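Letter by letter, the chains look like this.
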Amino acid sequence: MNVSRQELLIHTVAGLLLPCRSVAVGASSPIPGAGALLARDWAAREIPSRRLFLTILGSRRHNSMTSGGVELFDMAAQGRLDAFFLGGGQIDGEANINLVGAGGTYPQTAVRWPGSFGSGYLYYLVPRVILFREEHTRRVLVPKVDFISAPGPRNDGVYRPGGPIGLLTNLCWFAFDRARRRFVLETVHPGHTVEEVHDNTGFDFDGAADVPTTALPDATALAAIRGPIARQIAEAYPRFVAQVFPNAA
Amino acid sequence: MNVSRQELLIHTVAGLLLPCRSVAVGASSPIPGAGALLARDWAAREIPSRRLFLTILGSRRHNSMTSGGVELFDMAAQGRLDAFFLGGGQIDGEANINLVGAGGTYPQTAVRWPGSFGSGYLYYLVPRVILFREEHTRRVLVPKVDFISAPGPRNDGVYRPGGPIGLLTNLCWFAFDRARRRFVLETVHPGHTVEEVHDNTGFDFDGAADVPTTALPDATALAAIRGPIARQIAEAYPRFVAQVFPNAA
Amino acid sequence: MSHDWLQGSADDLAARVPDGAKIAIGVDTAGVAMETTRALIRRGARDLHLVCAPMAGLAADLLIGAGCVATLETSAITFGEYGTAHRFHDALKRGAIKLMDATCPAIYAALEAGAKDIPFIPLRGLIGSDLAAHRPDWKVIDNPFGEDDPILLLPAIRPDYALIHAPYADRNGNLFIGRRRDLVLMAQASRQGALATVEEVRDVDLFSSEETAAGTLPAIYIASTAVAVRGAWPIGLGDHYEVDEAHFRRYAELARTADGFARYLDEFVHRRRQAAE
Amino acid sequence: MSHDWLQGSADDLAARVPDGAKIAIGVDTAGVAMETTRALIRRGARDLHLVCAPMAGLAADLLIGAGCVATLETSAITFGEYGTAHRFHDALKRGAIKLMDATCPAIYAALEAGAKDIPFIPLRGLIGSDLAAHRPDWKVIDNPFGEDDPILLLPAIRPDYALIHAPYADRNGNLFIGRRRDLVLMAQASRQGALATVEEVRDVDLFSSEETAAGTLPAIYIASTAVAVRGAWPIGLGDHYEVDEAHFRRYAELARTADGFARYLDEFVHRRRQAAE
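All of these numbers come straight from a predicted model, not from anything done at the bench.

### Here we look at the overall build of chain C
No. 1: Across its full length, chain C carries 10 helices and 13 strands.
No. 2: Relative to its length of 277 residues, chain C is compact, with a C-alpha radius of gyration of 19 Å against a globular reference of 19 Å.
No. 3: The dimensions of chain C, computed from C-alpha atoms along their principal axes, are 60 × 50 × 30 Å.
No. 4: Among the 277 residues that make up chain C, the fraction classed as buried is 66%.
No. 5: Once local pairs closer than 6 in sequence are excluded, the contacts in chain C between residues at least 24 apart make up 73%.
No. 6: When the accessible surface of chain C is totalled, it reaches about 9100 Å², and 44% of it is carbon and sulfur.

### Some details on the pairing of strand β2 (residues 22-26) of chain D
All names here are of chain D.
No. 1: Judged by how many residues are buried, β2 sits mostly within the fold: four of five residues are covered.
No. 2: Direction of pairing for β2 relative to strand β3 (residues 48-53): parallel, over a ladder of five bridges. Looking at β3, one finds that Ile23 is bridged to Leu50.
No. 3: What joins β2 to β3 is helix α2 (residues 34-42), and the crossover it makes is right-handed.
No. 4: Note: β2 against strand β9 (residues 161-169), two bridges, orientation parallel. Each bridged residue has a counterpart across the sheet, and for Ala24 the counterpart in β9 is Ala162.

### Looking at helix α6 (residues 219-233) of chain A
Residues and elements named next belong to chain A.
No. 1: Helix length check: α6 (15 residues) gives 20 Å between terminal C-alpha atoms against 21 Å at 1.5 Å per residue, within 8%.
No. 2: The sharpest bend along α6 measures roughly 40 degrees and falls at Ile225, with the proline Pro228 sitting one to four residues further on.
No. 3: Looking only at α6, the buried set comprises Ala221, Leu222, Ala224, Ile225, Gly227, Ile229, Ala230 and Ile233.
No. 4: Looking at the buried residues of α6, the elements they touch are α1 (5-17), α2 (30-45), β2 (53-56) and α7 (238-244).
No. 5: For α6, the N-terminal cap is Asp218; the gap from its side-chain oxygen to the backbone nitrogen of Thr220 is 3.2 Å.

### Some words on empty space enclosed by the protein
No. 1: Applying the stated rule across the entire model yields six cavities of 30 Å³ or more.
No. 2: Empty space within the largest cavity amounts to approximately 590 Å³.
No. 3: Lining the largest cavity are 30 residues, and of these Ser67 and Val70 of chain A, Glu112 of chain C together with Glu112 and Arg181 of chain D lie nearest its centre.
No. 4: Broken down by secondary-structure element, the contributors of at least two residues to the lining of the largest cavity are α3 (70-78) of chain A, α3 (70-78) of chain B, α5 (104-116) and α7 (182-189) of chain C together with α5 (104-116) and α7 (182-189) of chain D.
No. 5: Here the residues of the lining of the largest cavity are counted per class, giving 12 nonpolar, seven polar and 11 charged.

### Overview of the sheet that holds strand β7 (residues 139-142) of chain D
Residue and element names in this part refer to chain D.
No. 1: Here three strands make up an open sheet; going across it, the order is β6-β8-β7 and the pairing antiparallel. If you trace the sheet from one side to the other, it starts and ends with β6 (120-123) and β7, each paired once. Strand-to-strand twist in this sheet, taken as the mean axis angle between neighbours without regard to direction, amounts to 40 degrees.
No. 2: Alignment of β7 against strand β8 (residues 150-155), held across four bridges, turns out to be antiparallel. Pairing of Ile141 across the sheet is with Ile151, part of β8.

### Thoughts on the interface of chain D and chain A
No. 1: The interface of chain D with chain A comprises 41 residues on the first partner and 39 residues on the second.
No. 2: Both sides of the chain D and chain A interface together cover about 3200 Å² of buried area, and 55% of this is carbon and sulfur.
No. 3: Across the contact surface, chain D and chain A share 18 residue pairs in polar contact (both at pLDDT 80 or more).
No. 4: Those elements giving two or more residues to the side of chain D that touches chain A turn out to be α4 (86-94), β5 (98-101), α5 and α6 (130-133) of chain D.
No. 5: With five residues, the single largest contributor to the side of chain D that touches chain A is α4 of chain D.
No. 6: Of the residues in the side of chain D that touches chain A, the class split is 16 nonpolar, 11 polar and 14 charged.

About the cut-offs
- Residues numbered from 1 in each chain as written.
- Chains lettered and ligands numbered in written order.
- Predicted model: local features only at pLDDT ≥ 70, side-chain atom pairs only at ≥ 80, totals over all residues.
- Heavy atoms only, no water.
- Helix = DSSP H or I, 4+ residues; strand = E, 2+ residues; numbered from the N terminus.
- Rg over C-alpha atoms; globule rule 2.2 N^0.38 Å.
- Buried < 20%, exposed > 50% of the residue type's maximum accessible area, 1.4 Å probe, protein only.
- Contact = heavy atoms within 4.5 Å.
- Areas by Shrake-Rupley, 256 points an atom, 1.4 Å probe, with all protein chains shown as cover.
- Pairing = 2+ DSSP bridges.
- Right-handed = clockwise from strand over helix to strand, strands pointing away.
- Expected span 1.5 Å × (residues − 1).
- Bend = angle between axes of the 7 residues up to and from the residue.
- Polar contact = N/O pair within 3.5 Å; in protein donor to acceptor, adjacent residues only side chain to side chain.
- 1 Å grid on protein atoms, 1.4 Å probe; cavity = no way out; pocket = protein on both sides within 12 Å on 5 of 7 lines; lining within 4 Å.
- Points joined across faces, edges and corners; volume = space filled by probe spheres on them.
- Nonpolar A, V, L, I, M, F, W, Y, C, P; charged D, E, K, R; others polar.
- Axes fitted to C-alpha atoms, helices over the stretch in contact; angles between N-to-C directions.
- Buried area = accessible area lost by both parts, 1.4 Å probe.

That's the geometry; what it means functionally is another story.
Spelled out as structure tokens, the structure:
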């Protein structure tokens, strides 16, 4: 069975989201979106069937909000949003994330990214924030971010019922230990090694010497990803699906 | 020309509202509602035609709000509500109003009224609050209210761009002098006297010895009140119209 | 249609409300869950903290008269043109309830703060009123962004449940509410969400058109739903049915006395008699 | 139909905006007033304070590139999948604009405070971030209702005008916006209200049904309205037209350099060429 990188990530995301009642996925996030659709499908197949509320920003169909853009943030505050995805131009070992820029002196940074979006708020409030960044390099995973769009969990007395549960990249899945404020290497994707992860990570992290391989989707899951899930995510991400799942339509 | 008390009040209200762009009328207020409809009609007949935005709470037709009950209050804060009507079980000479209760010790008052509604807020923010209370007696117009649902204008440093412009009763129209914090008798309704006003008012007020009579509606205004205005207000107040304008339908 | 989100009756909704719960109810024009109110009385709820959003009428008078309410937070209790809230007045005089008198926008703003889960929200007005004087839970501070500018802070209100009634649910449990966005606010602010009755369930998807979607309360805010035909009776429901004036007259007579009120409860709440349409 | 509320064109709307005005623009999914944006550049607007509610794309890049903007308040400038905001990046590097970097819910909450005309509103999150470190206009206080609970206060945002685009106006100047309630927030928060373009005026009354009323922005919040067919182009508009990807590619090429951007302005803003549909 030949499983693509994207299929593995979608499957991994779905597993991370399965415990949730309510998930939202931000803009420009086809893989998290597809993973959330797969998790919703799994929840619906449970006996008794369980409902996973899903909002894919940018989708008209998978969006059941009716109070404007603020609703996502209010929903998070109310405790009605269990999981969200955040990325970052830089992520450091204490899970600080930077969506603003690198180098130079703020605001005249050498590189400028779009901006912090909702990160400076959702990172504090959503219980299961999944850091998702495909590129796994020392350029992205740095010792210390140049700008903190949203700080990782810390013991500073700030109201923070939420935070990151881990970081998913093209190479591996790190869990985040909030008490120790460190990433823990949990699984390495098939075809990659712990050594490769170390070589490409700019911060220290924990992990057993013997790290398991990230689980592959079984045939049923793979058929779902390639068929109905690919077709559903195509509404919001037609170009992604045309590239990655050309046979889905 | 035989003009009823209600017709005179509707006509007086319309004159007070004519300068406005936006007016709202609270619940259980058929006379203010009819007066606002007449003012809107007058504004529409100006050359060039002028639009008066009108919201009659409790009406489905004369209500163009789409953000729930809070919209009226936000609108007032935004400066988008020029006039509103408030009443009171008691009103005193400094224009303090009481919509809560009288006698006894709060909250175990001897008499209890429904409650303060929006008065504790709108009275501070709406530039032209018209106090409207048909009953003109010493029971209502008291030296000092037993409970302040909303205080009259005072120089206490509190943000207060709004306040009362006056008090309309079955006997007369008092303007309110915000600087001197006193009512000023402006006009007495036809058939009534300044002496009668004094006898039935529990607080001191100012006014020239020679107070003019409240202007009567002319034939055109009267025809409008008895015809189209009565029919429009009937949507929200069918029983009022059946009693006062039995020939309107 | 599989409606696994649908309960059997309003009594199933009332069973979810524990004694001592904080419950939001709405204004008569917004869709009042009268059948759920009666179910709460049938289940013998006690010590409720009733938040009227921002005022209430018959539902509050019934719950107070039946002894379900410990605390009443409201801007007014009124039947409008349909009589006087005798049981509210009686309970006040007896000191049987704790009253938190407010003004409408204060309750709205506190619920908005609840829906944002911010601990407080500032509001203009109120300073110098006896409303503020009797609310030790409100605080006046100096506006940190101004100078010599006192402003009132209201603590957020987060009810446990909001009781609401709507014309219909779609097949996925979303409710059509039209412009009655008070119901959205009440449901969002509530920790557990809304306990909702509907006139019917329709086999439609409210999100399939932009028109119906705009007037929809999403299912995620709803804790539990049941069908209750004429569930707002004797109050009216928008385009669907009018207020039952004759019933209000009957209530006004009976509720003048504790005995009469007990007979009313017996007939219309416990024996579930509804006046003929 | 007498539409005395209707202006001749988006240029008439732009003429109302004085230099130095605070202007709110919305996200690409909410109905972006691109034709009014181009009209602002044609009229040579200067020193605008641009509030992106809560982020923006092409409209912001155009206004910044054309030198209309002094201050930019936003949570992000992004074209999504359609390229990079070169003029924004260039202006930042040159120090040509003052940047107020925020997070989406902070801009929403500040606009909500603006719509309530309360001077400030608290918000969770943000404390300890470099966003907060670079915003001296935000203040951290101790929650007066809690203990050892630092919380951030945001000053309200009240723009002078909001630029919006909607599918249609009804005969009374009310706008159909569906679920895009960001437009309601932007219009309500603005002191003068919205400057609105619409694809068309329809001879209907949006308040005649509860469905369309729920998705309506009332005329009272609108300062001025004009018809602008394909007024959101090259951005899409809901069910009406899609984003013009080819045009975005062309823009991305030209806007890499100041010269190329000047040629773009000349062709598509001053000479008003629209790509064929």
